[in-house]
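For reference, the chains in residue letters:
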Amino acid sequence: MKIALLDDDLAYAEIVIEWLEEASFKVDHFKTGLDFVRKYPHEHYDLCIFDWGLPDMEGPDVMVSLKLRANKLPPLIFLTGHSEEQDIVRVIDAGADDYVVKPASRAILLARVNAL
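Bear in mind the structure is a predicted one, so any value in this text is a computation, not a measurement. (Residues numbered from 1 in each chain as written. Predicted model: local features only at pLDDT ≥ 70, side-chain atom pairs only at ≥ 80, totals over all residues. Heavy atoms only, no water.)

1. Describing unusual backbone geometry
Peptide bonds are mostly trans, and most non-glycine residues show a negative phi.
Link 1 in the chain: Of note, the amide linkage connecting Lys102 to Pro103 takes the cis form, showing an omega dihedral of -5°.
Link 2 in the chain: With respect to the helices and strands, the residue Pro103 is situated in the loop between strand E5 (98-101) and helix H5 (106-115).
Link 3 in the chain: Although it is not a glycine, Ser24 sits at a positive phi angle of roughly 75°.
Link 4 in the chain: Assignment of secondary structure puts Ser24 in the loop between helix H1 (10-22) and strand E2 (26-30).
Link 5 in the chain: What makes Ser24 exposed here is its relative accessible area of 64%. (Helix = DSSP H or I, 4+ residues; strand = E, 2+ residues; numbered from the N terminus. Buried < 20%, exposed > 50% of the residue type's maximum accessible area, 1.4 Å probe, protein only.)

So this is what it looks like as structure tokens:
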């Protein structure tokens, strides 16, 4: 399975990449929403994991932008420090498949990835 990870926190992203690769997933890491939006049409991803706060745009805006351009998106998990109920409801209503609050444990993240 090929996963796109969109997160500008390099230290946290490295941990998540390590967890995913040890579980035999291939991971492409993106630090900005624009980098991901540019590459997305040229790659196939089985799953996306987005952070909320990015240097150039917010993760929910990246998701909405992609939904406007593509017929179908791969399953999407938000992995973010935003823990307010209205944030969770907003992105789930907008089309995200799951929401995990940072810092996530390895076991929880992998269980949610495997479920999708």
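That shown, we press on.
2. Observations regarding the pattern of salt bridges
Link 1 in the chain: Applying the stated criterion to the full structure yields 8 salt bridges.
Link 2 in the chain: Between Lys102 and Asp7 there is a salt bridge, with its nearest N and O atoms 2.8 Å apart. Of the two residues, Lys102 is situated in the loop between E5 and H5 and Asp7 in the loop between strand E1 (2-6) and H1; the sequence distance between them amounts to 95 residues. Across the pair, exposure class does not vary: Lys102 and Asp7 are buried alike. (Salt bridge = Lys/Arg side-chain N within 4 Å of Asp/Glu carboxyl O.)

3. Some remarks on the packing of helix H3 (residues 59-69) against helix H4 (residues 85-94)
Link 1 in the chain: As a packed pair, H3 and H4 sit with axes 10 Å apart at the nearest point and diverge in direction by 10°. In this view, H3 runs roughly parallel relative to H4, as classed from their interaxial angle. For the pair H3 and H4, the contacting residues are Pro60, Asp61, Met63 and Lys67 in the first and Arg90, Val91 and Ala94 in the second. (Axes fitted to C-alpha atoms, helices over the stretch in contact; angles between N-to-C directions. Parallel < 35°, antiparallel > 145°, perpendicular 65-115°, else oblique. Contact = heavy atoms within 4.5 Å.)

4. Remarks on the packing of H1 against H5
For any two helices packed against each other, the geometry is given by the interaxial angle and the distance between the axes.
Link 1 in the chain: Between H1 and H5, the least distance of the axes is 11 Å, while the angle of their chain directions is 60°. It follows that H1 is oblique to H5 by the angle criterion. Between H1 and H5 lies a crossing of right-handed hand. From H1, Val16, Trp19, Leu20 and Glu22 reach across to H5, where they touch Arg106, Leu109, Leu110 and Val113.
Link 2 in the chain: Taken together, the residues of the contact of H1 with H5 break down into 6 nonpolar, no polar and 2 charged. (Left-handed = near helix turned anticlockwise from the far one by under 90°. Nonpolar A, V, L, I, M, F, W, Y, C, P; charged D, E, K, R; others polar.)

5. Points about the environment of Glu14
Link 1 in the chain: Structurally, Glu14 can be placed in helix H1.
Link 2 in the chain: Expressed as a C-alpha distance, the spacing of Glu14 and Leu79, which sit 65 residues apart in the sequence, is 14 Å.

6. Quick notes on the packing of aromatic side chains
Link 1 in the chain: Counted under the stated rule, the structure contains 8 aromatic pairs.
Link 2 in the chain: Between Phe30 and Phe36 the ring centres are 5.2 Å apart and the planes differ by 75°, which places this aromatic pair in the edge-to-face class. Here Phe30 matches Phe36 in class, with each residue buried.
Link 3 in the chain: Here Phe30 and Tyr45 contribute two aromatic rings whose centre-to-centre distance is 6.3 Å and whose plane-to-plane angle is 85°, an arrangement assigned as edge-to-face. In this pair, Phe30 sits in strand E2 while Tyr45 sits in the loop between helix H2 (33-39) and strand E3 (47-50), placing the two residues 15 residues apart along the sequence. Each of the two residues, Phe30 as well as Tyr45, counts as buried.
Link 4 in the chain: Taken together, the ring pairs connect Phe30, Phe36, Tyr40, Tyr45, Phe50, Trp52, Phe78 and Tyr99 into an aromatic cluster. (Phe/Tyr/Trp six-rings, centres within 6.5 Å; stacked < 30°, edge-to-face > 60°.)

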